[in-house]
Amino acid sequence: MYRLPIYAHRGWTKHEPENTLEAMKEAMIQTAADGIEFDLQLTKDRIAIVTHDLNLKRMLGISKCVNDCTLNEIRSQKIKRSRHCINTFSELLAWAIPNKVPMNIELKESFIGRTADLEIVVKKTQHLSNVHYSSFHLEVLQQVKVMNPTAEVAFIPKRKFDWTRLNDLPWIDVLHVNKHFFYKEKYWNIAQDLNKVLRFYSITGKEKWLQKPQHPSIVGWITDEPNRVADAQRYVDSYVEE
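This write-up is about the structure you can find in this document.

What counts, and at which threshold
- Counting of residues starts from 1 at the beginning of each chain's written sequence and follows it residue by residue.
- Given that the model is predicted, a residue must reach a pLDDT of at least 70 before its local features are reported, and side-chain atom pairs must reach 80 or more before they are shown or counted; all residues, however, enter totals for whole chains, interfaces and linings.
- The basis for the side-chain values is all heavy atoms of the structure; hydrogens and waters are excluded.
- Within this scheme, the nonpolar core is defined by two criteria: the residues are buried Ala, Val, Leu, Ile, Met, Phe, Trp, Tyr or Cys, and they are joined through side-chain atoms within 4.5 Å.
- Per-residue accessibility, obtained with a 1.4 Å probe over protein chains only, is compared with the maximum for each type, and a residue is labelled buried under 20%, exposed over 50%, and partly exposed between these values.
- Secondary structure elements are defined from DSSP: runs of H or I of at least 4 residues count as helices, runs of E of at least 2 residues count as strands, and each element is numbered from the N terminus.
- We call two residues contacting when some pair of their heavy atoms lies within 4.5 Å.
- Read the arc as the range of directions from the helix axis to the C-beta atoms.
- For helices, the axis comes from a line fit to the C-alpha atoms of the stretch in contact; other axes are also lines fit to C-alpha atoms, and the angle between any two N-to-C directions lies between 0 and 180 degrees.
- Angle categories are assigned with fixed cut-offs, so that under 35 degrees is roughly parallel, over 145 is roughly antiparallel, 65 to 115 is roughly perpendicular, and the rest are oblique.
- The sense of a crossing depends on the near helix, which, turned anticlockwise from the far helix by less than a right angle, makes the crossing left-handed and, turned clockwise, makes it right-handed.
- Identification of polar contacts relies on pairs of N or O atoms within 3.5 Å, with a donor-acceptor requirement for protein atoms, meaning one able to donate a hydrogen and the other able to accept it, and with residues adjacent in sequence counted only if both atoms are side-chain atoms.
- Between Lys or Arg on one side and Asp or Glu on the other, a salt bridge is scored when a side-chain nitrogen of the former is within 4 Å of a carboxyl oxygen of the latter.

We now examine the nonpolar core. Core analysis: the biggest nonpolar cluster contains 59 residues, and Phe38, Leu40, Met103, Leu107, Tyr133, Phe200 and Trp221 have the highest contact counts within it. A per-element tally of this core places helix 4 (residues 89–96) first, with 5 residues. Other than its neighbours up to four places away in sequence, Tyr133 contacts Ile105, Leu107, Val121, Val122, Thr125, Leu141, Val144, Ala151, Glu152, Val153 and Ala154. Grouped together as the second largest cluster of nonpolar side chains are 10 residues, Val66, Leu71, Ile79 and Ile86 included.

A separate point is helix 5 (residues 115–125). The α-helix winds at 3.6 residues per turn, so residues separated by three or four positions along the chain end up facing the same way. Residues of helix 5 that are buried: Asp117, Leu118, Val121, Val122 and Thr125. Around the axis of helix 5, the buried residues are gathered within 140 degrees of arc, so they sit on the same side. Where helix 5 is buried, its residues contact strand 2 (35–42), strand 3 (48–50), helix 4, strand 4 (103–107), strand 5 (131–135) and helix 6 (138–147).

It is the contact of helix 5 with helix 6, at a shortest axis distance of 10 Å, that shows an interaxial angle of 55 degrees. Regarding the angle of helix 5 to helix 6, the classification is oblique. The two elements helix 5 and helix 6 meet at a crossing, and its hand is right-handed. Contacts between helix 5 and helix 6 involve Thr115, Leu118, Glu119 and Val122 from the former and Val140, Gln143, Val144 and Met147 from the latter.

Right, let's get into the side chain of Ser110. Within the secondary structure, Ser110 is located in the loop between strand 4 and helix 5. For Ser110, the side chain forms a polar contact with the side chain of Gln41, separated by 2.5 Å. One polar contact links the side chain of Ser110 to the main-chain amide nitrogen of Leu42, over a distance of 2.8 Å. Dropping the residues within four chain positions of it, Ser110 is found in contact with Gln41, Leu42, Leu54 and Asn67.

The next point concerns the pattern of salt bridges. If you walk through the whole model with that rule in mind, you get 16 salt bridges. Arg114 is the partner of Asp117 in a salt bridge, and the nearest nitrogen-oxygen pair spans 3.1 Å. A salt bridge links Lys179 to Glu207; the nearest nitrogen and oxygen atoms lie 2.5 Å apart. Remark: Glu207 occurs in the loop between strand 8 (197–203) and strand 9 (218–223) and Lys179 occurs in helix 7 (residues 179–182); sequence separation between them is 28 residues. By relative accessible area, Lys179 is classed as buried at 15%. Overall, the relative accessible area of 6% leaves Glu207 in the buried class.

Pasting the structure below:
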């Protein structure tokens, strides 16, 4: 059997809120996930917290931005329809590091221009071999690479991204790409020619092509359905270039 690594997108969110420590634990215990994907934002008092949105409305019901609130303000509210509060990055690491959990850490927009705070995050994981950083923001990823040249950094391009720009981005190791836009041989070949690899997101496990060998530039999946994705790959043989 040949199965590419699977990252649970924001943890296992069937029974626990996204990006919570409980969702991460569930992903690693109850599913076939090989690792976890989660998002980091930065509070007003410079604490990295595990949440996706810059605005807290969807998660906490308050229409304020993360970087306009202190950690205490954020922790005074429970996540909607749950008993949980938003976790800090340090709380998640206290569980993930001793359990050797592979991590895909997505750095969100509140880290733009916050070099000193980004460096704190990078230093907390620089000794780990099973971590990579991803972001839509090239300036953030470039700072990570300067701080830790051995860190794996993954750029998340939007639909209209000009892939010829990758020629000027040799420090990018990986691209995390939407299957709807970029699951095409054209992009696989570009990545391979530039010595880069791809992980795809928005994977549901219902894609018929999951049951086939993948191009060697494809190295993983990011999904809300790790069990379904694992089942789809159950009988896949390794890729052989023709």
